[in-house]
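# Architecture at a glance
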Amino acid sequence: MKFSYKIIIAVVLLLVVGAFLYVNGWFSGSKDAHPPCDQLPNIAKANEALDQNKDLAKKLKELDEGITVEVGTPCSDDQNRGLIIVTYDSKEERNSIDDLLRSSNGFGVPVYLVKR
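Rules used throughout
- Residues numbered from 1 in each chain as written.
- Predicted model: local features only at pLDDT ≥ 70, side-chain atom pairs only at ≥ 80, totals over all residues.
- Heavy atoms only, no water.
- Helix = DSSP H or I, 4+ residues; strand = E, 2+ residues; numbered from the N terminus.
- Buried < 20%, exposed > 50% of the residue type's maximum accessible area, 1.4 Å probe, protein only.
- Areas by Shrake-Rupley, 256 points an atom, 1.4 Å probe, with all protein chains shown as cover.
- Patch = residues over 30% accessible without salt bridge, like charges linked within 9 Å, V, L, I, M, F, W, Y side chains within 5 Å.
- Salt bridge = Lys/Arg side-chain N within 4 Å of Asp/Glu carboxyl O.
- Core = buried A, V, L, I, M, F, W, Y, C linked by side-chain atoms within 4.5 Å.
- Contact = heavy atoms within 4.5 Å.
- Expected span 1.5 Å × (residues − 1).
- Pairing = 2+ DSSP bridges.
- Axes fitted to C-alpha atoms, helices over the stretch in contact; angles between N-to-C directions.

## Some details on the overall build of the protein chain
Counting its regular elements, the protein chain contains 4 helices and 3 strands. From first element to last, N terminus to C terminus, the protein chain shows the α and β order α-α-α-β-β-α-β. Looking at the protein chain as a whole, 26% of its 116 residues are labelled buried. Of the roughly 8200 Å² of accessible surface on the protein chain, 56% is carried by carbon and sulfur atoms.

## Some remarks on a nonpolar patch on the surface
A cluster of nonpolar residues, Tyr-5, Ile-8, Ile-9, Val-12 and Val-16, forms a patch on the protein surface that exposes about 500 Å² of accessible area. Within the secondary structure, Val-16 is located in helix 1 (residues 2-23).

## Remarks on the nonpolar core
Among soluble globular proteins, nonpolar side chains are generally buried collectively. In this structure, Leu-60, Val-69, Ile-84, Val-86, Ile-97, Leu-101 and Phe-107 are the most contacted members of the largest nonpolar core, which totals 16 residues. When contributions to this core are tallied by element, the ones reaching two or more residues are helix 2 (43-52), helix 3 (54-62), strand 2 (83-88) and helix 4 (91-103). Leave out the neighbours within four places in its chain, and Leu-101 touches Leu-56, Leu-60, Phe-107, Val-111 and Leu-113.

## Let's talk about helix 4
In a regular helix each residue adds 1.5 Å, so 13 residues correspond to 18 Å; helix 4 covers 18 Å between its end C-alpha atoms and thus fits that length. Elements in contact with the buried residues of helix 4: helix 3, strand 2 and strand 3 (111-115).

## Considerations on the pattern of salt bridges
Counted under the stated rule, the structure contains 4 salt bridges. When the shortest N-O distance is used, the salt bridge between Arg-81 and Asp-78 registers 3.3 Å.

## A few points about the environment of Val-71
Take Val-71: it is sitting in strand 1 (residues 68-72). Note: C-alpha distance between Val-71 and Val-111 (40 residues apart in sequence) is 9.2 Å. Non-local contacts of Val-71, meaning those with residues more than four positions away in its chain, are made with Ile-43, Ala-46, Asn-47, Leu-50, Leu-83 and Ile-84.

## Some thoughts on the sheet that holds strand 3
Ordered by their spatial adjacency, 3 strands build an open sheet running 1-2-3, and the pairing between neighbours is mixed. Since the sheet does not close on itself, it has two edges, and those belong to strand 1 and strand 3, each with one partner. Strand-to-strand twist in this sheet, taken as the mean axis angle between neighbours without regard to direction, amounts to 30°. Relative to strand 3, strand 2 is paired through 5 bridges, and the arrangement is parallel. Across the sheet, the residue bridging to Thr-87 is Val-114, located in strand 3. Strands in contact with helix 2 are strand 1 and strand 2; relative to strand 1, the strand with the most contacts, it is inclined by about 155°.

If you want it as structure tokens, here you go:
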């Protein structure tokens, strides 16, 4: 009888720990996605948006030395479509990037966050 209680306690403990980890983002996939390729601006407009918003790009890079901001072409079938790609390393960096983007006017083109 004692053995079965130990198994039940172990299973319940694993479920609680697993639920905690899932809720805190340990097992979730990336929640970032870019619009469909046919809805992205052309690469020239994405480059122009980055050039016109250098201050925002600088602020994003200053959040952490591992953050990069660049124009990217995420669509392998249409290299003329582009957007701003912000690459980061940690969940904390992502949260800081989100906060800054939400408090700004953005770039005027889609921004795609990519975890390195």
